[in-house]
Amino acid sequence: YDSRTALHLAASEGNLSTVQSLLARNDISVDCRDRWGNTPLFDAVRNGHSVVAKELKLKGATLGLDETQTAGELCEMSKAGSRDKLELFIESGADVNAKDYDARTALHLASSVGNLPIVKALLERGAEVNAKDRWFGTPLRDAVREGRMEVAKALRESGGELGYNETEASGELCELAKEGSLEKLSILLECGCPADAKDYDSRTALHLASSVGNLPIVKALLDLGAQVNAKDRWGGTPLRDAVREGRMEVARQLRASGGDLGYDEVQASGE
């Protein structure tokens, strides 16, 4: 009544001898589907029966899933940390780069949750390190956003990129500078985000951190290569912002790093 066959059941239970006996028959349909659309190979993989799965695969069996279904299964396994099942699923024909309705892959998911063994397993099996979801996010961007430093490092070593344009990079850095998220900001910079990325007003994260008086963020930005005298579209420097907002500790730090106000004589007289 559920359109399941003896082969479905034998595969689900991991009964190799029965599977072999059934496959030896000429009238067997190796990819028969039950009422949920599942094939015997899918049942074997879902239940972790690797020997049976390999036997079915040798006889031409398929998982019977479309790309969205494949991505859903891979993402669920990545989230659960089911490395053995995930590897078996891929070995049984699942496309490691399958994308879901948001164009996200299993590598995006594993990077977001910080599961390093799963990330490594996916990369070893051909996962595209710079796959982009529908928001143009990469796995590395997900790892950085969630503060998954070990995963971010592994992705970087495999050629991972953040995929930001300058405006996006500036927006991320400025938001972290405003929040005071030193750890995430450091990860972002260490993963290739340019410290001097400018927004639509040509302002940098150092301008923002100087304005709000966040000394640890200012020091981190300077240590990681931020230009101390970057100018916004009004000609303002980070030091000018710090002085204007009365952030004296920050101003002293900027001065010690070579910062200047960026005024010409007329502007200085006006101030």
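Here, every reference points to the structure presented above.
Model, not experiment: these values are computed from the prediction.

Asks: Describe helix α14 (residues 215–223), listing the residues and the values that go with them.
Replies: Listing the buried residues of α14 in full gives Leu-215, Ile-217, Val-218, Ala-220, Leu-221 and Leu-222. Looking at the buried residues of α14, the elements they touch are α11 (166–179), α12 (182–190), α13 (205–212) and α16 (248–256). Between the side-chain oxygen of the N-cap and the backbone nitrogen of Ile-217 there are 3.1 Å, and the N-cap of α14 in question is Asn-214. Gly-225 occupies a position one or two residues after α14 and carries a positive phi of about 100 degrees.

Asks: Outline the environment of Asp-260, listing residues and values.
Replies: Along the chain, Asp-260 turns up in the loop between α16 and α17 (265–270). Classification of Asp-260 by relative accessible area gives partly exposed; the value is 33%. Spatially, the C-alpha atom of Asp-260 lies 13 Å from that of Arg-244, the residues being 16 residues apart in sequence. Setting aside residues up to four positions removed in sequence, Asp-260 forms contacts with Asn-229, Thr-237 and Leu-239.

Asks: Give a description of the layout of surface pockets that names residues and reports values.
Replies: Of the volumes computed, that of the largest pocket is approximately 150 Å³. Of all the elements in the fold, those that place two or more residues in the lining of the largest pocket are α9 (139–145), α11 and α12. Sorting elements by how many residues they give to the lining of the largest pocket places α11 first, with 4 residues. A per-class count over the lining of the largest pocket returns 4 nonpolar, no polar and 6 charged.

Asks: Account for unusual backbone geometry, naming residues and giving values.
Replies: The backbone phi angle of Ser-3 is positive, close to 60 degrees, even though this residue is not glycine. Among the structural elements, Ser-3 can be located in the segment before α1 (6–13). By relative accessible area, which is 45% here, Ser-3 ends up partly exposed. Of note in the backbone geometry, Ser-202 takes a positive phi value of approximately 60 degrees without being a glycine. Looking at the element boundaries, Ser-202 is found in the loop between α12 and α13. A residue is classified by how much of its surface remains accessible, and Ser-202, at 24% relative accessible area, is partly exposed.

Parameters and conventions
- Residues numbered from 1 in each chain as written.
- Predicted model: local features only at pLDDT ≥ 70, side-chain atom pairs only at ≥ 80, totals over all residues.
- Heavy atoms only, no water.
- Buried < 20%, exposed > 50% of the residue type's maximum accessible area, 1.4 Å probe, protein only.
- Helix = DSSP H or I, 4+ residues; strand = E, 2+ residues; numbered from the N terminus.
- Contact = heavy atoms within 4.5 Å.
- Polar contact = N/O pair within 3.5 Å; in protein donor to acceptor, adjacent residues only side chain to side chain.
- 1 Å grid on protein atoms, 1.4 Å probe; cavity = no way out; pocket = protein on both sides within 12 Å on 5 of 7 lines; lining within 4 Å.
- Points joined across faces, edges and corners; volume = space filled by probe spheres on them.
- Nonpolar A, V, L, I, M, F, W, Y, C, P; charged D, E, K, R; others polar.

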